[in-house]
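Coordinates in review
This is what each chain is made of:
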Amino acid sequence: MKYRIIDDLTSDVMFEAYGKDAKELFENAATALFSVICDIGSVADEQAREFAVEGKDERELMMNWLAALIASVDIDEMFYSQFTVEKITPTSLRAVCAGESITPGKGGTVVKAVTNHQFAMGTEGGRRFVRATLDI
Amino acid sequence: MIIMKEKLERIDSFQWRLPKAVRPGMRVDAKVIASARMLDAIEEEAVQQLTNVAMLPGVVSPVIAMPDAHWGYGLPVGSVAAFDADEGIISAGLCGFDINCGINLIRTNLTVDDIRERKKEIIDTLFRKVPVGVGAKGTLRLSRAELDEVLTSGLAWAKKEGYATDDDLAHTEEGGRMAGADPSMVSDLAKERGLPQLGTLGAGNHFLELQAVDSLYDPAQAEAWGIAKEGQVMIMLHCGSRGLGHQVATDYLKVQERAVQKYGITLPDKQLACAPVQSEEGQRFFAAMQAAVNFSFANRQVMTSWIRESFAKVFDSPWEELDLSTVYGICHNVIKHEEHTVDGEKRKLYVHRKGATRSFPKTPVIIAGSMGTSSHLLVGTEEAMRTSFGSSAHGAGRAMSRHAAIASFRGDMIAKELERRGIISRAPSPKSLAEEAPEAYKDVDEVIASVHGAGISRKVARLVPVGVVKG
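Residues numbered from 1 in each chain as written. Chains lettered and ligands numbered in written order. Predicted model: local features only at pLDDT ≥ 70, side-chain atom pairs only at ≥ 80, totals over all residues. Heavy atoms only, no water.

Some details on the overall build of chain A
Where we set the bar: Each helix corresponds to a stretch of at least 4 residues labelled H or I by DSSP, and each strand to a stretch of at least 2 residues labelled E; elements are numbered beginning at the N terminus. Categorising residues by exposure relies on relative accessible area from a 1.4 Å probe, with only protein chains included: less than 20% of the type maximum marks a residue as buried, more than 50% marks it as exposed, and the intermediate range marks it as partly exposed. Only heavy atoms enter the contact rule, under which two residues are in contact if any of them lie within 4.5 Å. Residue burial considers only the protein chains on display, and all accessible areas are found by Shrake-Rupley using a 1.4 Å probe. Residues counted as positive are Lys and Arg, residues counted as negative are Asp and Glu, and His and the chain ends are not counted. Working definition for charges: the position is that of NZ of Lys, CZ of Arg, CG of Asp or CD of Glu.
Summing up its helical and strand segments, chain A has two helices and seven strands in all. Moving toward the C terminus, one meets the helices and strands of chain A in the order β-β-α-β-α-β-β-β-β. Across the 136 residues that make up chain A, the buried fraction comes to 60%. The long-range share in chain A, meaning contacts at least 24 apart out of those at least 6 apart in sequence, stands at 66%. When the accessible surface of chain A is split by element, carbon and sulfur atoms take 44% of a total near 5,300 Å². Considering chain A, the positive charge centre built from 14 side chains and the negative charge centre built from 22 side chains are found 5 Å apart.

Structural notes on the interface of chain A and chain B
Stated formally: Buried area is a sum: the accessible area each of two parts loses on coming together, probed at 1.4 Å, counted once for each and added. In the sections that follow, a salt bridge refers to a side-chain nitrogen of Lys or Arg positioned within 4 Å of a carboxyl oxygen of Asp or Glu.
With 35 residues of chain A at the contact, the number on the chain B side is 40 residues. Buried area between chain A and chain B, both sides added, is near 3,100 Å², and the carbon and sulfur share of it is 55%. Viewed at the interface, chain B and chain A are joined by two salt bridges. With a closest N to O distance of 2.9 Å, aspartate 74 of chain A and arginine 193 of chain B form a salt bridge.

Points about the environment of alanine 22 of chain A
All names here are of chain A. Mapped onto the fold, alanine 22 is located in helix H1 (residues 22-37). Sequence separation between alanine 22 and valine 85 is 63 residues, and the spatial gap between their C-alpha atoms is 9.1 Å. When sequence neighbours within four positions are dropped, the list of residues in contact with alanine 22 reads Glu58, Ile88 and Arg128.

Thoughts on empty space enclosed by the protein
What counts, and what does not: Only protein atoms enter the calculation, which uses a 1 Å grid: trapped sets of points that fit a 1.4 Å probe without letting it out are cavities, open sets showing protein on both sides within 12 Å along at least five of seven lines are pockets, and any residue with an atom within 4 Å of a point is a lining residue. Grid points are joined across faces, edges and corners, and a volume is the space filled by probe spheres set on the points. Classification convention: Asp, Glu, Lys, Arg as charged; Ala, Val, Leu, Ile, Met, Phe, Trp, Tyr, Cys, Pro as nonpolar; all other residues, Gly among them, as polar.
Counted by the stated rule, this structure contains three cavities of 30 Å³ or more. In this structure, the largest cavity is lined by 44 residues; those nearest its centre are Lys112 of chain A together with Val77, Asn205, His394 and Arg402 of chain B. Among the elements that line the lining of the largest cavity, the one with the most residues is helix H11 (residues 242-262) of chain B, at four residues. Counted as a void, the second largest cavity has a volume near 80 Å³. Along its surface, the second largest cavity is lined by Ile37, Ile70, Val73, Asp74, Val110 and Val111 of chain A together with Val134, Gly135, Arg193, Arg242, Gly243 and His246 of chain B. Residue composition of the lining of the second largest cavity, grouped by class: six nonpolar, three polar and three charged.

Here we look at the sheet that holds strand E12 (residues 333-342) of chain B
All names here are of chain B. Convention followed: Two strands make a pair as long as DSSP finds a minimum of two bridges between them. Lines fitted to C-alpha atoms define the axes here, with helix axes fitted over just the stretch in contact, and angles between the N-to-C directions of these axes take values from 0 to 180 degrees.
Reading across the sheet, the seven strands line up as E1-E2-E3-E4-E5-E13-E12 and stay open at both edges, with mixed pairing between neighbours. Two strands lie at the open edges of the sheet, namely strand E1 (9-12) and E12, each paired on one side alone. The average angle at which neighbouring strand axes cross in this sheet is 25°, direction not considered. Inspection of the sheet shows strand E4 (residues 59-70) paired to strand E5 (residues 77-84) by five bridges, in the antiparallel sense.

Points about the nonpolar core
All names here are of chain B. Which entries qualify depends on this criterion: For our purposes a nonpolar core is just a set of buried Ala, Val, Leu, Ile, Met, Phe, Trp, Tyr and Cys residues, chained together by side-chain atoms within 4.5 Å.
Formed by 88 residues in total, the largest nonpolar core has its most connected members in Val32, Val53, Val63 and Leu377. The dominant element in this core, judged by the number of residues it contributes, is E4, at seven residues. Setting aside chain neighbours within four positions, we find valine 63 in contact with Val28, Asp29, Ala30, Lys31, Leu50, Val53, Ala54, Leu75, Val80 and Ala81. Counting residues in each nonpolar core, the second largest holds 75 residues, with Cys95, Leu110, Leu147 and Val277 among its members.

Thoughts on the packing of helix H5 (residues 119-129) of chain B against helix H12 (residues 280-315) of chain B
Residue and element names in this part refer to chain B. Defined as follows: By the definition adopted for this analysis, an angle is roughly parallel if under 35 degrees, roughly antiparallel if over 145, roughly perpendicular if from 65 to 115, and oblique otherwise. Helix crossings get a hand from a simple test, with the near helix turned counterclockwise from the far one by less than a right angle marking a left-handed crossing and a clockwise turn marking a right-handed one.
Contact pair H5 / H12: the axes reach a minimum separation of 9 Å and the direction vectors enclose 140°. By the criterion of interaxial angle, the relationship of H5 to H12 is oblique. In the packing of H5 onto H12, the handedness of the crossing is right-handed. Across from Glu121, Ile122, Thr125, Leu126 and Lys129 in H5, the residues of H12 making contact are Trp306, Ile307, Glu309, Ser310, Phe311, Val314 and Phe315. A class-by-class count of the residues in the contact of H5 with H12 yields seven nonpolar, two polar and three charged.

Some points on the sheet that holds strand E6 (residues 113-124) of chain A
Residues and elements named next belong to chain A. Ordered in space as E1-E2-E7-E6, the four strands form an open sheet in which the pairing is antiparallel. Each edge of the sheet is formed by a strand with only one pairing partner; in this case those strands are strand E1 (3-6) and E6. The average angle at which neighbouring strand axes cross in this sheet is 15°, direction not considered. Looking at chain direction, strand E2 (residues 13-19) and strand E7 (residues 127-135) are connected through seven bridges and run antiparallel. Residue pairing for E7: glycine 19 is matched across the bridge by arginine 128. Taken strand by strand, helix H2 (residues 58-75) contacts E2, E6 and E7, and its axis lies near 135° from that of E6.

A few points about the pairing of strand E7 (residues 102-111) of chain B
Residue and element names in this part refer to chain B. Judged by how many residues are buried, E7 sits mostly within the fold: nine of 10 residues are covered. Pairing between E7 and strand E9 (residues 232-239): seven bridges, direction antiparallel. Considered in E9, the bridge of asparagine 104 is made with leucine 237. Here E7 runs beside strand E11 (residues 326-331); their pairing, made up of five bridges, is antiparallel. Bridge assignment links asparagine 104 to a residue of E11, and that residue is glycine 329.

Re H11 of chain B
Every α-helical turn comprises 3.6 residues, leaving residues that sit three or four positions apart pointing alike. Convention followed: Each residue after the first adds 1.5 Å to the expected span of a helix.
Helix length check: H11 of chain B (21 residues) gives 31 Å between terminal C-alpha atoms against 30 Å at 1.5 Å per residue, within 8%. Among the 21 residues of H11 of chain B, 16 are classified as buried, and the element is accordingly described as predominantly covered.

Details of the environment of leucine 322 of chain B
Residues and elements named next belong to chain B. Mapped onto the elements, leucine 322 comes out in the loop between H12 and E11. Classification of leucine 322 as buried rests on a relative accessible area of 6%. In this structure the C-alpha to C-alpha distance between leucine 322 and leucine 110, which are 212 residues apart in sequence, comes to 6.9 Å. Contact partners of leucine 322, with chain neighbours within four places excluded, come to Thr108, Asn109, Leu110, Phe311, Ala312, Phe315 and Ser317.

Examining the pattern of salt bridges
Working definition: two side chains of opposite charge can pair if their charged atoms are close together. By the definition in use, this model includes 39 salt bridges over all chains. Note that lysine 106 of chain A and glutamate 100 of chain A form a salt bridge whose closest N and O atoms lie 2.9 Å from each other. Look at lysine 106 of chain A and you get partly exposed, because its relative accessible area is 23%. Residue class for glutamate 100 of chain A comes out buried when judged on its relative accessible area of 5%. Here aspartate 218 of chain B ties to arginine 458 of chain B by a salt bridge, and the two come within 2.8 Å at their closest N and O atoms. With aspartate 218 of chain B in the loop between strand E8 (207-216) and helix H10 (219-224) and arginine 458 of chain B in strand E19 (residues 457-470), the pair connects residues that are 240 residues apart, well separated along the chain.

As structure tokens, then:
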């Protein structure tokens, strides 16, 4: 399983994403985010954009990664469906995201921000996980 | 853990007090304004959040939940928290991520009979004219200098550009401009997000609704606001400051997380990141927030002008002849520097309204229902000044998660059901209709009964939808 939506909050959306390592975890967290923002299954990978994100630790790196993607929806007017983390350390990552220019019919809901609510990252049963809440 | 809802003491049929003695560290009482039925619908976690906020420095009694309150980030959506202007704090989380999410209510001199045959044409014209949905692309492309002017001037910019009239400014909270806005306090990233989005509705619970006056409770007050009869057609526009406001909130939450460390503020919940209101961090946020407020005023006004153009086109008549005048424009996510009488003493306060509407005597209070249900126009009261820092509720309040709503309802079925009831709906995707299914919300009429019963605003008119454009 790449991710699951936790149906716990009336107004916001919480998800958990998983991965065998940091690379996969960050890619799957991005997939979870865009499953809320758009109909990710119908979004083609026809345009690519590079992202370089930093954070003081892995937790902040994850928050900043998701925040950069949320901002890109507004600034670049893109929906993304494919996420490739090319290089990652606990404080920085470089990634290429592929998607298409926004079509309103493929939209889901506006994600305003990723928040600290019950935010958690760790390792369980040998696999990495992150739990994050999106303010809708 | 103590169940806080069990500790609520009944004041009267619509007010419940949570004494500060229930939890060590609470500096002031909390209060819930709700009928017994609405109180039942408020989550325990939301009441717990009130007790957290009641522990913050400089908080003024009481911290208040409105009948539409539900759990939110730090403080429930549907709450009011006031802080001393010298000793208190200011917090981005207590304002909400969508700064100046609010409503413009526009009247017409048309009746439901006048639009019966043209309803579909009106809704289709509005749907084409007003960009809606996630990442909706606006048709305006501002320069950075123009954006800074929007952030500084709000509706004064809109008037200069021909989107607003003097009458619009006179009928908007703050005259459509918060004077302390400083664009230099808004990050480049926030501005980049805002540049393509002026004049866009967004998604989520944002909407543009064609409504009809269904009941007049206070005909004299309604007439003073240009609402003369039942069946009169109204237009309600609900949206906010889009990505620009979201980014301002995100940026300053980080600043305030650092300020908590710097100033040694003890927080019962990390989500309550804040800064002393008179600190550099506090005042920088207040200036940036006001800039986002002005952006949102301008955003709603640009769309208001497009609504006018749409009606003029459909009815082949100038909008002035159709009397598409602004009844009022209100904010419901905002922080205001206001004077209130507390224990007989006049005090300057920073009033945080998060999912709450200003309710000053004789001013309009607009409370939106969920899609397909009624919305209400009320008037503010002196009682609100005594009871709720001049505040009232803002909407129906969610009862079901968006995920559950999407799993439970199908957008096409909702559209058919609305049509069966005579309500034309348009949305960019079926999913956006499903997540806003009327069943996902609490009963707005009970919210109104609560605020009217508590006396914090008084019913003027009930509005029912006849057409809806969903974001």
